[in-house]
Structure formats: C-alpha cells, structure tokens
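Architecture and fold: a report
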Amino acid sequence: MVSNVYFSSDWHIGHKNIHKFRHPDKGFPIEFANEQEHRDWLFDWVRTNIRKRDVLYLLGDIAFDQEALEAVHKLPARKILVKGNHCTKSKDQYKVFDSILGLSKYKGFWLSHAPIHPTELRGRKNLHGHTHSVVLDDPNYFNCCIENLMKEFGSPCVKFDDIVDMVGGSGV
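The structure contained in this document is the topic of the report that follows. (Residues numbered from 1 in each chain as written. Predicted model: local features only at pLDDT ≥ 70, side-chain atom pairs only at ≥ 80, totals over all residues. Heavy atoms only, no water.)

Some remarks on the overall build of the chain
How we decide: Secondary structure elements are defined from DSSP: runs of H or I of at least 4 residues count as helices, runs of E of at least 2 residues count as strands, and each element is numbered from the N terminus. Two things to know: the radius of gyration comes from C-alpha atoms, and the globule rule equals 2.2 Å times the number of residues to the power 0.38. Partly exposed residues are those whose accessible area sits between 20% and 50% of the maximum for their type, while under 20% is buried and over 50% is exposed, using a 1.4 Å probe and protein chains only. Note on contacts: a residue pair qualifies if any of its non-hydrogen atoms lie within 4.5 Å across the two residues.
Within the chain, the regular secondary structure consists of four helices and nine strands. Along the chain direction, N to C, the helices and strands of the chain fall in the order β-α-β-α-β-β-β-β-β-β-α-β-α. Taking 2.2 N^0.38 as the reference for a compact globule, 172 residues should give roughly 16 Å; the C-alpha atoms of the chain span a radius of gyration of 15 Å, in line with that estimate. By principal-axis analysis of the C-alpha atoms, the chain measures approximately 40 × 40 × 35 Å. Among the 172 residues that make up the chain, the fraction classed as buried is 50%. A separation of at least 24 residues holds for 55% of the contacts in the chain among residues at least 6 apart in sequence.

What follows is the structure, given as structure tokens:
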C-alpha cells in the first residue's frame, strides 16, 4: 500500500479560544463550543483519513502545551514538525514528533511556517502556514493553514498530490 504525504499547519491545539475563530462561515463543519470540541473534531478527522504509514508535515503552531503535544503524538502517521513562531517549548518537549525542522525543502517546494521572502524562493514554490485565512496573491505560495485548507479542500489536512494538482510543481 502506497503511503500518502499530507500537509497542515496552525492547529493551535491547547489555545483556549481557538474554537472562536473556526466556524461554518470559515469552512468548518460546525460551530465549536470550546477548544476540546474543536480538538476532538480535528483528531477524529486525522484518525479517519490518515494511516500509520502516511507522513504528516505540520508547518508550525500545532500545540500550545505539553498535554496537547502528547495528544498529537498519539495520532497516526509519521509526524514532521516545521517549527513556527508559537513553537517555543524546549527541544525535549518536541520529541513527540518523528522529525523537527526549520526551513526545509520537499520535492521542489520550500517548507516553512511563515512565507519566505520572494527573493529567497530561487525557482521553488513555498508551502507555508502562519497567515491563517490570508492567502498571498502569488502563485508561488500555498497556504497550508487549517483555515485555508477547509476553504479550498473541505479538510484540515491536504495530500501533497492535491497541492501539486492545484498549484503545479516548482520545476526544480
């Protein structure tokens, strides 16, 4: 069975008010009553759609406390974290991920939390998070934030192949 590669970012698990920013008019299926209900919905989606042998790139700002990190650890897939601006825990606390990266490359794309400067693209496109619902008006950038993925795909995570189908490869 072929493994799939997924991308997502900015889950903000453990942020006590995140549910207030995620509602039906932003593409989410329900109005969440609290952070736990939002977390349960997200984790149920991951457990239903992502297998143990898949790879899940999380482009920063995934979990805000140790309990939330431990909950992410229990999800299926090989989880790779690209650190974001809210990823401020000690290195030991991030051992729940299979790999921890900063700016990185994947199949001709730059992977980052925040969008990188256009002069640094060097012929590649940028898969990023950080901007939540804001999409840059530039085909070289793809926003992997959960808010944008819900709007574009109706899911909190997206397969790499679906991103490539939507934006094309980088040619590098």
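With respect to the pattern of salt bridges
Put simply, the rule reads: Just to be clear on terms, a salt bridge is a Lys or Arg side-chain nitrogen sitting within 4 Å of an Asp or Glu carboxyl oxygen.
Going through the model one piece at a time under the given rule, you end up with seven salt bridges. A salt bridge links Glu120 to Arg122; the shortest N-O distance between them is 3.0 Å. We classify Arg122 as exposed; its relative accessible area is 59%. A single network of salt bridges, built from pairs that share partners, joins Glu35, Arg39 and Glu67.

Quick word on the sheet that holds strand β2 (residues 55-58)
The condition that has to hold: A pair of strands counts as paired when DSSP detects no fewer than two bridges linking them.
The sheet built from five strands is open, its strands ordered β4-β3-β2-β1-β9 with mixed pairing. The open sheet is flanked by β4 (99-101) and β9 (158-159), the only strands paired with a single partner. Looking at chain direction, strand β1 (residues 5-8) and β2 are connected through four bridges and run parallel. Bridge pairing links Ser8 to Leu58 in β2.

Quick notes on the packing of aromatic side chains
Each aromatic ring pair is summarised here by two numbers: the centre-to-centre distance and the angle between the ring planes. Counted only if it meets this: Each Phe, Tyr or Trp ring (for Trp, its six-membered ring) is paired with any other whose centre lies within 6.5 Å, and the angle between the two planes then decides the class: stacked below 30 degrees, edge-to-face above 60, tilted in between. Sitting over a ring, as applied to charges here, requires NZ of Lys or CZ of Arg to be within 6 Å of the ring centre and within 35 degrees of the ring normal.
The tally for this structure, following the rule as stated, stands at 12 aromatic pairs. Arranged with centres 5.5 Å apart and planes meeting at 50 degrees, the rings of Phe32 and Trp41 form a pair that is tilted. Members of the aromatic cluster, connected to one another through ring pairs, are Phe7, Tyr57, Tyr106, Phe109 and Phe160. Its guanidinium or amino end placed over the ring of Trp110, Arg124 lies 5.6 Å from that ring's centre, counting from NZ or CZ.

Focus: helix α1 (residues 35-49)
We apply this condition: In this analysis, the expected span of each helix is defined as 1.5 Å times one less than the number of residues it contains. Pairs of N or O atoms within 3.5 Å make up the polar contacts considered here, provided that, within protein, one atom can donate a hydrogen while the other can accept it, and that residues adjacent in sequence are counted only when both atoms are side-chain atoms.
With 15 residues, α1 should reach 21 Å at 1.5 Å per residue; the first-to-last C-alpha distance of 21 Å fits that figure. Of all the residues in α1, the buried ones are Glu35, His38, Arg39, Trp41, Leu42, Phe43, Trp45 and Val46. Near the N-terminus of α1, the side chain that reaches the backbone nitrogen of Gln36, with its oxygen 3.1 Å away, is that of Asn34.

Overview of the pairing of strand β7 (residues 125-128)
Residues Lys125 and Leu127 line one face of β7 and the alternating positions Asn126 and His128 line the opposite face, and both faces are buried. Relative to β7, strand β6 (residues 109-111) runs parallel, the two being bridged by three bridges. Across the sheet, the residue bridging to Leu111 is Leu127, located in β7. Across three bridges, β7 lies against strand β8 (residues 141-143) in parallel orientation. From the neighbouring strand, Asn126 faces β8, where its bridge partner is Tyr141.

Focus on the sheet that holds β6
Note the threshold: An axis is simply a line fitted to the C-alpha atoms; with a helix, the fit covers only the stretch in contact. Between two such axes, the angle follows the N-to-C directions and lies from 0 to 180 degrees.
Strand order in the open sheet formed by four strands is β5-β6-β7-β8, and the pairing between neighbours is mixed. Lying at the two open borders of the sheet, with one neighbouring strand each, are β5 (104-106) and β8. Shown here is a sheet whose adjacent strand axes are inclined to one another by a mean of 30 degrees, direction ignored.

Quick word on helix α2 (residues 66-73)
For clarity, the threshold we go by: To be clear, the arc concerns the directions from the helix axis to the C-beta atoms.
All of the buried residues in α2 are Ala68, Leu69, Ala71 and Val72. The arc that holds the buried residues of α2, viewed along the axis, is 160 degrees, so those residues lie on one side. Considering only its buried residues, α2 is in contact with α1, β2 and β3 (78-82).

Distances and angles like these do not, on their own, reveal function.
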